[in-house]
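Residues per chain are reported as follows:
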Amino acid sequence: LAKTTQPPSMEAYEGQEVNVSCSHTNIATSEYIYWYRQVPHQGPQFIIQGYKDYVVNEVASLFISADRKLSTLSLPWVSLRDAAVYYCIVTVLTRGFASALTFGSGTKVIVLP
Amino acid sequence: GGIITQTPKFLIGQEGQKLTLKCQQNFNHDTMYWYRQDSGKGLRLIYYSITENDLQKGDLSEGYDASREKKSSFSLTVTSAQKNEMAVFLCASSTPWGDAETLYFGSGTRLTVL
């Protein structure tokens, strides 16, 4: 049973805001939400992580619903460089122990000029 | 900042051949990982290592061996290359960041099996 569900793809025009949703209906209280993105011919790159409410950094913002079953990654004013596959990952919090993140198929964001 | 270097970038081998992929990181991270990514798909964990000389199997370890002889390097061996394992192999390393972890990835080694 998949831990997360994302739309397979979405399109946006340059300059628009893009919101990528992720459903994690069985998220446990010990689990955090991570978002990564992968541009072609590169490995995935960390964007943002959160536990609840709202998190923002210089790249994106992350809104997590009150019941934590849904999160939305928001990318303001996308450019062609934001075209990538975006992965939502839910995993147990670790303290000093290795954890391996599980990457599903992600959401392919297509940016139109 | 640091970097993860994977060599070679492209690896071509014959079916049944033993092939080795190498990964170096200068982050001084304790934990390193090997993932496999088939075309258009997500990443699947092959092996990871939490310290020098440690090895932990992932979901896809069958057909692969790994070696972590130094903290900075992590090698993956395809024991007998098959056409159905043509993919991009991604190495990563991680560090605890507060109470969370983030992974840093290399650019990958693309394996072609003839």
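Bear in mind the structure is a predicted one, so any value in this text is a computation, not a measurement.

A few words now on the overall build of chain A. Along the backbone of chain A there are zero helices and nine strands. Counted from the first residue to the last, chain A has its helices and strands arranged as β-β-β-β-β-β-β-β-β. A compact globule built from 113 residues would reach a C-alpha radius of gyration of about 13 Å, and chain A, at 14 Å, matches this within 12%. On the principal axes, the C-alpha backbone points of chain A span a range of 40 × 30 × 30 Å. Considering chain A as a whole, with its 113 residues, one finds that 45% of them fall into the buried category. By sequence separation, contacts in chain A at least 24 residues apart represent 57% of the contacts at least 6 residues apart.

This next bit is on the confidence of the model for chain B. Of all residues in chain B, 95% have pLDDT values of 70 or greater, and the mean over the chain is 91. Here strand S10 (residues 100-105) of chain B stands out as the element of chain B with the lowest mean pLDDT, 78, in contrast to strand S8 (residues 73-78) of chain B, whose mean of 98 is the highest.

Residue and element names in this part refer to chain B. The antiparallel open sheet is built from four strands, whose spatial order is S1-S3-S8-S7. Edge positions in the open sheet fall to strand S1 (4-7) and strand S7 (64-70), since each of these has one partner strand only. Each neighbouring strand pair of the sheet contributes to a mean axis angle of 15 degrees, computed without reference to strand direction. Direction of pairing for strand S3 (residues 19-25) relative to S8: antiparallel, over a ladder of six bridges. Considered in S8, the bridge of Thr-20 is made with Thr-77.

What follows deals with the confidence of the model for chain A. Close reading of the predicted structure is inappropriate where its pLDDT is low. On average, residues of chain A score 90 in pLDDT, and 91% of them reach the 70 mark or higher. Confidence, expressed as mean pLDDT per element, reaches its minimum in chain A at strand S8 (residues 84-92) of chain A with 91 and its maximum at strand S6 (residues 61-64) of chain A with 97.

A few words now on the state of the cysteines. Residues and elements named next belong to chain B. Evaluation of the coordinates by the stated rule reveals two disulfides over all chains. Through a disulfide, Cys-23 is tied to Cys-91; the S-S separation comes to 1.9 Å. In this structure the cystine formed by Cys-23 and Cys-91 twists about its S-S bond by roughly -75 degrees; its chirality is therefore left-handed. Linking Cys-23 in strand S3 with Cys-91 in strand S9 (residues 87-97), this pair joins segments that are 68 residues apart in sequence. Across the pair, Cys-91 and Cys-23 agree in class, each one buried.

Analysis parameters
- Residues numbered from 1 in each chain as written.
- Chains lettered and ligands numbered in written order.
- Predicted model: local features only at pLDDT ≥ 70, side-chain atom pairs only at ≥ 80, totals over all residues.
- Heavy atoms only, no water.
- Helix = DSSP H or I, 4+ residues; strand = E, 2+ residues; numbered from the N terminus.
- Rg over C-alpha atoms; globule rule 2.2 N^0.38 Å.
- Buried < 20%, exposed > 50% of the residue type's maximum accessible area, 1.4 Å probe, protein only.
- Contact = heavy atoms within 4.5 Å.
- pLDDT = per-residue confidence, 0-100.
- Pairing = 2+ DSSP bridges.
- Axes fitted to C-alpha atoms, helices over the stretch in contact; angles between N-to-C directions.
- Disulfide = S-S within 2.5 Å.

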